[in-house]
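So the chains spell out like this:
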Amino acid sequence: MSENDVKNSIIDALNKMGHYAFLVNNLAVRGRSLPKRQPKGLPDIHCALKGGKYLYVETKFGKEKQSTEQKEFQRRVEALGHVYLVAYSLDEFLKQYEA
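Bear in mind that the values here come from a model prediction, so they are computed numbers and not experimental data. (Residues numbered from 1 in each chain as written. Predicted model: local features only at pLDDT ≥ 70, side-chain atom pairs only at ≥ 80, totals over all residues. Heavy atoms only, no water.)

Trainee: Where do I start with the overall build of the protein in this structure?
Mentor: When helices and strands are tallied, the protein shows 3 helices and 4 strands. For the protein, the succession of helices and strands along the chain, N to C, is α-β-β-β-α-β-α. Residue pairs at least 24 apart in sequence account for 57% of intrachain contacts in the protein once pairs closer than 6 positions are excluded. When the accessible surface of the protein is totalled, it reaches about 6,700 Å², and 52% of it is carbon and sulfur. (Helix = DSSP H or I, 4+ residues; strand = E, 2+ residues; numbered from the N terminus. Contact = heavy atoms within 4.5 Å. Areas by Shrake-Rupley, 256 points an atom, 1.4 Å probe, with all protein chains shown as cover.)

Here it is as structure tokens:
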């Protein structure tokens, strides 16, 4: 299963649960930089949860690890009471989400 497959399966699962999840393109395209106000370390999936909190999911593949910027984004949103998960597969995501 590719990283894109993992992203799509997580988004599908969250939307089936009644949340509002979507993919955020956070890569520079064809040599263009990120939009000026877009923070570095933005996670792949953003999700508005029922009840008002946000869930952010960073998907990884193989031996990839979070960048310093991703860890900082995680620290900031968790300090505000939101949820941030790192997932390598749908099964891993579901185990973390249900915990």
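On we go.
Trainee: How do you make sense of the nonpolar core when you look at a structure like this?
Mentor: Most often, soluble globular proteins have nonpolar side chains that are buried together. Counting 13 residues, the largest nonpolar core has Ile10, Leu14, Ile45, Leu55, Val57 and Phe93 as the members making the most contacts within it. It is helix 1 (residues 3-16) that provides the largest number of residues to this core, a total of 4 residues. With residues near it in sequence (within four places) discarded, isoleucine 10 still touches Ile45, Val57, Thr59, Ala87, Ser89, Leu90 and Phe93. Judged by nonpolar contacts, the second largest core, of 7 residues, contains Val24, Leu42, Phe73 and Val77. (Core = buried A, V, L, I, M, F, W, Y, C linked by side-chain atoms within 4.5 Å. Buried < 20%, exposed > 50% of the residue type's maximum accessible area, 1.4 Å probe, protein only.)

Trainee: Just to check I follow, could you spell out the pairing of strand 2 (residues 45-48) for this structure?
Mentor: Where a strand is regular, its side chains alternate between the two sheet faces. Two elements, strand 1 (residues 20-23) and strand 2, share 4 bridges in a ladder whose sense is antiparallel. Paired with tyrosine 20 across the bridge in strand 2 is alanine 48. Of the pairings in the sheet, the one linking strand 2 to strand 3 (residues 54-59) comprises 4 bridges and is antiparallel in character. Counterpart to cysteine 47 in the pairing with strand 3 is leucine 55. Once strand 2 ends, the chain turns through 5 residues before running back antiparallel as strand 3, passing glycine 51 with a positive phi of about 105°. (Pairing = 2+ DSSP bridges.)

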